[in-house]
Amino acid sequence: MQNRTGILILTGVIAAICIYFLSFTFVSRGIKADAEAYASNKQGQVDRDKKQHYLDSLWKEPVFLGSTLQEVTERELGLGLDLQGGMHVVLAVSPADILRGLSGNNRDPKFNQALKLALEEQKTSNTSFVDLFASEFKKLAPDTKLASIFATSANRGKINFQSTDTEVRKLLNDEVNGATTRAFQIIQARVDKFGVANPNIQRLPGSGRIQIELPGVDNPERIRRLLTGAAKLEFAEVYRLNELAPAIEGMGAYLLREETARKAALKASAPASGTAAKGTSSLESQLAQGAKKDSTAKTDTAAASAQGTALTQLFLPVGQDQLGVYLKDTARANAVLNAPEVRSLFPTDAVFAWDRKTFKATDGKEILPLYFIKKPGGRAPLEGDVITDASNDYDDRGRPEVTMNMNAEGARKWKNLTAANIGRPVAILLDNLVYTAPNVQNEIPNGRSSISGNFTVEETKDMSNVLKAGKLPAPTNIVEESVVGATLGSEAVSAGVLSSLVGILLVLGFVVFYYNRAGFIADIALLINLFFLLGVMASLGAVLTMPGIAGIVLSIGMAVDANVLIFERIKEELAEGKTFKVAVADGFKNAMSSIIDSNVTTFLTGVVLFIFGTGLILGFATTLIIGILTSLFAAVFITRLLLEYYIRNGKTLTFSSSWAKNLFADSNFDFVSRRKLYYTISSVIIAAGIISAVFKGFGLGVDFKGGRSYVIRFEKAVSTDDVRNSLEGILGASPEVKTYGGTGIGSNQVKVTTPYLIDDNSQGADKKAEAAIYKGLSTIQGNPAKIESSQKVGPTIAYDILTSALWSILLAVAVVFVYILIRFKKLAFGYGAVVAMFHDVLIILAIFTFFNGILPFSLDVDQAFVGALLTIMGYSMNDTVVVFDRIREYLAENKGKRESIPTIINNALNSTLSRTAVTGFSTILVLLVLFVFGCETIRGFSFAMLIGVVFGTYSSLFVATPIVVDALSRDQEQDAAIPAIAEKKTGFDAIPADFTTKAPATPEEFTAKKEKKEKKPLIRPSQS
């Protein structure tokens, strides 16, 4: 093997990287376990606040290899919402509210009607809201220009009454896009303030939406309020510390009393001793020394010093007008500042607000500045609704600055505020976080201001966006929501771990059972593949979801295929009498084409899933793509290295067990002669599926049809009819109720789907819907119920999901067709592969419509189902390409032998039968485990995969290949017909036009001249 040393070094480097990144996961899990033990009482109950305090104290402290707990947590292999509970939300800024704000809340009935129609049309359209509105407005008021609505004083300088509709539409689109950017920054700040571990916040490209995943949260209503409230921008005066000196001294006395009481409690609980405790603090020493003094003055000085020490142990002076707190101590600082005794020390108009960002102290620790803001009556003197525009610019010295303009009312108030605070800071707050507190240099009379300082260009851009946040009333609406309870999450973890372990062990055992000692080499390669897969996922910051676990187990099942291809080729070479060393070299060489082609097609399908998928499907696609790459590396390089070890030591291996040695050795099945029968069977199933889809339809998941979905757990077994009847009157329409988990009879969990209040975007709609559910369920006597998880998908996003799913399937087909056409250079192979892919999709759709509502588990067509379809297409293509590769090889070997196409292809199929059976059985084994032991989240998914693998194997042998047989047979017949026609003709009729003769040619002369001519170079169309 060439470059063996290089491959060993590369393997070592990858292994070291994997160990490094996986170590963060083990450290993080260990610290969280310590926190839980610290916060647990004798009954095993965990105090969440105490646990969070433990983690906060280490959040910015180095805990592993110089990394803080925050950095360790960010680098761990995180768990998805379905494995630990939490909340998934997709937000959209309300474009209708933005347009109303830009119009100055215009009351023109045609304007408001156009907004209403555009909102309705947006539910089933991918066109931007602005373009939909402009189109509807033009229909309602064909002679009215958009400028007549939007040329307000607030938009002066951007458009006027003479502006064209195109110019106005550009402004509106810019403002809507800008509002999404501002909303993203605001949401990011709010989530960071909320303190969720490993939040995932991202803009969904091209959609104007924001996706948020918050693992571990258990208060959905609070999160909804946090995410959907309109931004609150304020301008307020700042108290200087010397103005609050008595209150701050009193806070020091409060902290001293608190510390003394804590120490006294510790001493009281400690064993009696004649000596002082070793842990006496400097504060206690000062108190003790002060008590020994006779002088009253000295006692007062000691007490004041002790108060100052107690204060500075928590609050640090960081400027003339602010204190600061170590980031790990912010929770305690909040508790102190909100204590009634401390609050009473400060003026009634004083409120505290944290800075939006920390800075590093000289000791490297993070400090968060604290401001004391003046708000008479609890309200700032100036709010963000007076801002008309803000932008980033440069001052006369070329330094980045921010400029802002205010309306007439704002200019008047701003003039008074700046005049009263010359030389003092004025804080600009967003959602009660201080973004900046610049000093006022002079009175600003006209509402146009500039904010300069030591800013970067990025900081001025962010600040101008913050100022614009108060310009328009643009609240965000939740268009998709999913809440997974901690109970379902823990059950999913148990089911996922169990199914993974069982599936992996069964695959490893089967490989050894079939390939004997060589199977151990394949198992080592598979385990290294699993280790690399998890390590790469951790290094990329990937999140492990339940479908992700399915992807890992499935990738291991499919990784067997590469080893099977190699081992089967080595067996063939050994059967020809080659030495072990030569057989291994030739086996790898001959298997490489099939391995590359089959894995590339599956990889391309995974990429399509990754591009179009969201949420759980994205997790599955991520693990599938990484799994393909790591399995290729393990099979091609690790397996080769292990086999080379045997060769160097003069050893050999057996590649089959005694029972499997001759299992497929003399197989001579006739796969192609009955192809018309197979065509008929498939056509009947597909036709029946189409009829069922027309009359019965599919069970669409909530993410495809929109609505609210709830997983409800009862204390006892419950009938779906009882649940449906209890909710029918409350929800206004009969909801869809299905068994969730269990076997249908005796199940205590159901899944309820309803369109109730789906178009209501108000803050209380979700709570109202849950209350209605509980009210209806309360009529089921003696069987209390609890909502374990919920999901909400608006009509607009449901349409988008359905559209992207269809596009992903079509794109996957197109990509694979092009690849096969390039690799096999004949349209017949491309046609066969594409027909087989559509065949598999239609068969699975037929089965899902046949058995929906009959089988005791969900067969909903949703995003997970689309992921299963795409994966099945990838698997089917994997299988088909391996068969095609062997057909191509046999066609090349039999060229010129005049053997019929059906015979050649039959031989090729029989030669790959062992590989097809072993790979198919291994994958089915894994999927059976997922189906039986996996949780309800992936039961429908694994069922679709199971059926797909069976029919994917069937289509490779009995659909794709027969199509190639028919196409190539027609080509062979056409090629044979050309010389036959020529031989039947004689005389001048048979002489080509470029032959010139003086006398009629005899048949012998004609044939001789024809053969002579055919030896000349010719350019002619190919016979493909």
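Residues numbered from 1 in each chain as written. Predicted model: local features only at pLDDT ≥ 70, side-chain atom pairs only at ≥ 80, totals over all residues. Heavy atoms only, no water.

A short note on the overall build of the chain
Alright, step 1. A tally of regular secondary structure across the chain gives 33 helices and 24 strands.
Alright, step 2. Within the chain, the fraction of its 1024 residues that count as buried is 51%.
Alright, step 3. A separation threshold of at least 6 residues defines the contact pool for the chain, and within that pool the share at least 24 residues apart is 74%. (Helix = DSSP H or I, 4+ residues; strand = E, 2+ residues; numbered from the N terminus. Buried < 20%, exposed > 50% of the residue type's maximum accessible area, 1.4 Å probe, protein only. Contact = heavy atoms within 4.5 Å.)

Considerations on the packing of helix α23 (residues 675-695) against helix α28 (residues 827-851)
Alright, step 1. At their nearest, the axes of α23 and α28 sit 8 Å apart, and the two run at 50 degrees to each other. If you check the angle between α23 and α28, you find them oblique. You can see that α23 and α28 cross each other, and the crossing is left-handed. Contacts between α23 and α28 involve Ser682, Ile685, Ile686, Ala688, Gly689, Ser692 and Ala693 from the first element and His839, Leu842, Ile843, Ala846, Thr849 and Phe850 from the second.
Alright, step 2. Its residues assigned to classes, the contact of α23 with α28 comprises 8 nonpolar, 5 polar and no charged. (Axes fitted to C-alpha atoms, helices over the stretch in contact; angles between N-to-C directions. Parallel < 35°, antiparallel > 145°, perpendicular 65-115°, else oblique. Left-handed = near helix turned anticlockwise from the far one by under 90°. Nonpolar A, V, L, I, M, F, W, Y, C, P; charged D, E, K, R; others polar.)

Overview of the nonpolar core
Alright, step 1. Ranked by internal contacts, the top residues of the largest apolar core, which has 121 residues, are Leu643 and Phe829.
Alright, step 2. Ignoring anything within four residues of it in the chain, the contact list for Leu643 reads Ile521, Ile570, Phe580, Val584, Phe588, Leu653 and Phe655. (Core = buried A, V, L, I, M, F, W, Y, C linked by side-chain atoms within 4.5 Å.)

Observations concerning a nonpolar patch on the surface
Alright, step 1. Together, Ile690, Ile691, Val694 and Phe695 line one region of the surface with nonpolar side chains, adding up to about 480 Å² of accessible area.
Alright, step 2. Relative to the assigned elements, Phe695 resides in helix α23.
Alright, step 3. With a relative accessible area of 72%, Phe695 lands in the exposed category. (Patch = residues over 30% accessible without salt bridge, like charges linked within 9 Å, V, L, I, M, F, W, Y side chains within 5 Å. Areas by Shrake-Rupley, 256 points an atom, 1.4 Å probe, with all protein chains shown as cover. Salt bridge = Lys/Arg side-chain N within 4 Å of Asp/Glu carboxyl O.)

Here we look at the pattern of salt bridges
Alright, step 1. Enumeration according to the criterion identifies 34 salt bridges in this entry.
Alright, step 2. The salt bridge partner of Arg100 is Asp97, with a shortest N-O separation of 3.2 Å. Placement of the pair is Arg100 and Asp97 together in helix α5 (residues 95-102), with a separation of 3 residues, close to one helical turn.
Alright, step 3. Take Arg100: its relative accessible area is 27%, and that puts it in the partly exposed class.
Alright, step 4. Between Lys139 and Glu136 there is a salt bridge, with the nearest N and O atoms lying 3.7 Å from each other. Here Lys139 and its partner Glu136 are both found in helix α7 (residues 129-140), 3 residues apart, which amounts to about one turn of the helix.
Alright, step 5. Overlapping salt bridges, with partners in common, bring together Arg569, Glu572, Arg886 and Glu889 in one network.

Examining α5
Alright, step 1. Of the positions making up α5, those classed as buried are Pro95, Ala96, Ile98, Leu99 and Leu102. In a view along the axis of α5, the buried residues occupy a sector of 160 degrees, so they form one face of it.
Alright, step 2. Note on α5: the residue one or two positions beyond its end, Gly104, has a positive phi of about 70 degrees. (Arc of directions from axis to C-beta.)

Geometric values such as these leave the question of function open.
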